[in-house]
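# Structure at a glance
The primary structure of each chain is shown beneath.
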Amino acid sequence: MHTSPLRPFIKLLACAAIGVASLLPAFAADPSGTWTWSTPGRNGGPDRTNTLTLKIEGEKVTGKVASPGRGGQAMESEISGGKLMGEDLTFVVSREYNGNKFVANYSGKVTADSIKGKIESERGGQKQSRDWEAKRAMAKKTE
């Protein structure tokens, strides 16, 4: 049986390709930066734009969520418990209003330009779950 002199080279290339492919998800899922998404306004009002700013350090994710509040003032809240495992992002946002604490658990899959997942919370003893999809905000160009 005759073997091609290229065979060892082809095996080496195949192994290198598999090795590089196994690293790609770690690079593809970088949530650092600014993200935005809209939620329906109250009582049929205009949509409300939310802004999420994230920073990643290893698997730890930190950042802030800014949402329109009553009277048009933006409410900014630090996220807690932020983690990135591959492309899976999770974090918690806690807010207090009129002595009541509201906790929302965010989860989602990160791609290059979107985070798509669920927001789970509890209000009045009722568990709520809704979909969310944030888009990466484009960096403003400076001249």
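Residues numbered from 1 in each chain as written. Predicted model: local features only at pLDDT ≥ 70, side-chain atom pairs only at ≥ 80, totals over all residues. Heavy atoms only, no water.

In this section: the layout of surface pockets. Here the largest pocket is characterised by a volume of approximately 850 Å³. Around the largest pocket, the lining comprises 25 residues; the ones closest to its centre are Arg42, Arg48, Arg95, Arg123 and Arg130. Listed by contribution, the elements that provide at least two residues to the lining of the largest pocket are strand E1 (33-39), strand E2 (48-57), strand E3 (60-68), strand E5 (88-97), strand E6 (100-110), strand E7 (114-123) and strand E8 (126-136). Of the residues belonging to the lining of the largest pocket, the class tally is 12 nonpolar, 6 polar and 7 charged. (1 Å grid on protein atoms, 1.4 Å probe; cavity = no way out; pocket = protein on both sides within 12 Å on 5 of 7 lines; lining within 4 Å. Points joined across faces, edges and corners; volume = space filled by probe spheres on them. Helix = DSSP H or I, 4+ residues; strand = E, 2+ residues; numbered from the N terminus. Nonpolar A, V, L, I, M, F, W, Y, C, P; charged D, E, K, R; others polar.)

Here glutamate 76 shows up in strand E4 (residues 74-85). On the basis of relative accessible area, glutamate 76 is assigned to the exposed category, the value being 55%. For the pair glutamate 76 and valine 65, spaced 11 residues apart in sequence, the C-alpha to C-alpha distance is 5.6 Å. Setting aside anything within four residues of it in sequence, one finds glutamate 76 in contact with Lys64, Val65 and Ala66. Only 3.5 Å separates the side chain of glutamate 76 from the side chain of lysine 64, close enough to count as a polar contact. (Buried < 20%, exposed > 50% of the residue type's maximum accessible area, 1.4 Å probe, protein only. Contact = heavy atoms within 4.5 Å. Polar contact = N/O pair within 3.5 Å; in protein donor to acceptor, adjacent residues only side chain to side chain.)

Residues Leu52, Phe91, Ile115 and Trp132 are the most contacted members of the largest nonpolar core, which totals 19 residues. Secondary structure elements with two or more residues in this core: E1, E2, E3, E4, E5, E6, E7 and E8. Setting aside anything within four residues of it in sequence, one finds tryptophan 132 in contact with Trp37, Leu52, Phe91, Tyr106, Ser107, Ile115, Lys116, Gly117, Lys118 and Ile119. (Core = buried A, V, L, I, M, F, W, Y, C linked by side-chain atoms within 4.5 Å.)

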